[in-house]
Amino acid sequence: MLQQTRVETVIPYYERFMHAVPNIEALAQLDEGRLLKLWEGLGYYSRAKSLQKAARTVVEKHGGVFPRDFDDIRRLPGIGDYTAGAIASICFGSPTPAVDGNVLRVVSRLIGCTDDIADSKVKSRFGTMLAKIYPADRTGDFTQSLMELGAIVCLPGSRAKCGLCPLAALCAANAEGTQSALPVKSGRAPRKKEQKTVFILHCGDLTAVRRRDKSALLGGLFEFPNAEGQLTVAEAAMQLARWGVQTETMSSGIRKKHIFTHIEWHRRVCAADVSIDVLPSGWVYLDESHALPTAYKVCL
DNA sequence: GTCCAGGTAA
DNA sequence: TTACCTGGAC
């Protein structure tokens with residue numbers, strides 16, 4: 001859960017999750033719909049699917065006991081270098097760093113490195129360097145101190161608190177006054193823009209939803225029926241007719257933008273009072289069991 | 001409104 | 001390299 005997500009955001013999810021799914025066997029056997037419901041709103045839903053795959057691997061390959069060896073941990077689905085390093089050093093005393101964004105910033109400044117931290121080679125180079133200086137008796141403290149230094153003291157840009165930093169005397173960036181220029185990071189590719197029309201179809205007290213394709217963005221979660229392009233009122237009416245929906249009233253639609261890392265959805269959201277004799281294949285009426293991603297919750 | 005942080009997998 | 005999500009800072 002903590003991959004890509006702040007601690008404050010995770011805590012209530014973690015509490016609920018551990019109550020509902022208290023051990024590895026329970027997770028290995030959990031229904032996917034319930035799993036996604038527990039993850040609803042947390043984002044990066046493939047993490048939940050990986051977590052369950054990892055639970056199944058632990059049950060099948062490690063006798064239900066979480067492995068202690070870095071390489072065994074690293075092979076579990078959803079666990080990369082960062083998470084494997086964090087678990088192995090914090091839980092099992094292994095000299096394996098967890099190089100997150102904070103640690104990249106701390107090390108870049110400490111050694112005055114101007115290489116682009118978007119390059120994954122930099123991350124592995126820093127990891128190799130750090131592994132050599134790990135204190136054997138306090139591996140977990142060392143991992144956490146590096147991350148905390150970045151989170152609390154070695155803040156991004158001009159917010160760096162060098163006056164409070166225990167490493168200030170050793171730090172190349174501090175000596176050279178280059179803190180705010182480090183780390184160097186290249187920009188990301190521009191996002192693709194997609195136009196869509198979303199229908200909030202009220203059938204009495206009920207609202208129609210359908211499950212998204214498992215392999216798609218937000219795979220396996222639910223969505224409101226929608227179509228490609230920002231449809232005109234006439235086109236929207238035709239789309240509803242094609243679905244076999246009888247429309248009583250329909251709003252002209254409000255424009256909403258939703259931004260993912262790599263895509264922008266420019267959407268027209270139309271609310272309609274309708275009657276539906278036979279639900280189209282795959283449609284259901286929304287209830288509390290359905291995992292609805294934030295991208296669709298905001299349409300309500 | 002815009003920008004940005006944050007790991008893994010394919 | 002690109003796909004994957006949300007929320008907080010500004």
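Just so it is clear, the model here is predicted, and its values are computed rather than measured. (Residues numbered from 1 in each chain as written. Chains lettered and ligands numbered in written order. Predicted model: local features only at pLDDT ≥ 70, side-chain atom pairs only at ≥ 80, totals over all residues. Heavy atoms only, no water.)

Q: Explain the pairing of strand β6 (residues 254-259) here, please?
A: For β6 and strand β7 (residues 263-276), the ladder comprises six bridges, and the chain directions are antiparallel. Paired with R255 across the bridge in β7 is R268. The turn joining β6 and β7, which pair antiparallel and follow one another in sequence, is formed by three residues. (Pairing = 2+ DSSP bridges. Helix = DSSP H or I, 4+ residues; strand = E, 2+ residues; numbered from the N terminus.)

Q: Please clarify how the UniProt feature "domain: HhH-GPD" (unreviewed entry) in chain A should be interpreted in this entry.
A: Residues given the UniProt feature "domain: HhH-GPD" (unreviewed entry) here are residues 1-152. A helix fraction of 64% and a strand fraction of 0% characterise residues 1-152, whose end C-alpha atoms lie 21 Å from each other. (UniProt positions renumbered as here; feature names shortened; annotations may be inferred.)

Q: I'm lost on the pattern of salt bridges in this one. Help?
A: Any two side chains of opposite charge can pair if their charged atoms end up close together. Counted under the stated rule, the structure contains 12 salt bridges. For D141, the salt bridge identified is with R138, shortest N-O distance 2.9 Å. Notably, a salt bridge pairs K196 with E194, separated by 3.8 Å at the nearest N-O pair. Residue E194 is classed as partly exposed on the basis of its relative accessible area, which comes to 26%. Several salt bridges converge on common partners, so that one network encompasses K37, E40 and K297. (Salt bridge = Lys/Arg side-chain N within 4 Å of Asp/Glu carboxyl O. Buried < 20%, exposed > 50% of the residue type's maximum accessible area, 1.4 Å probe, protein only.)

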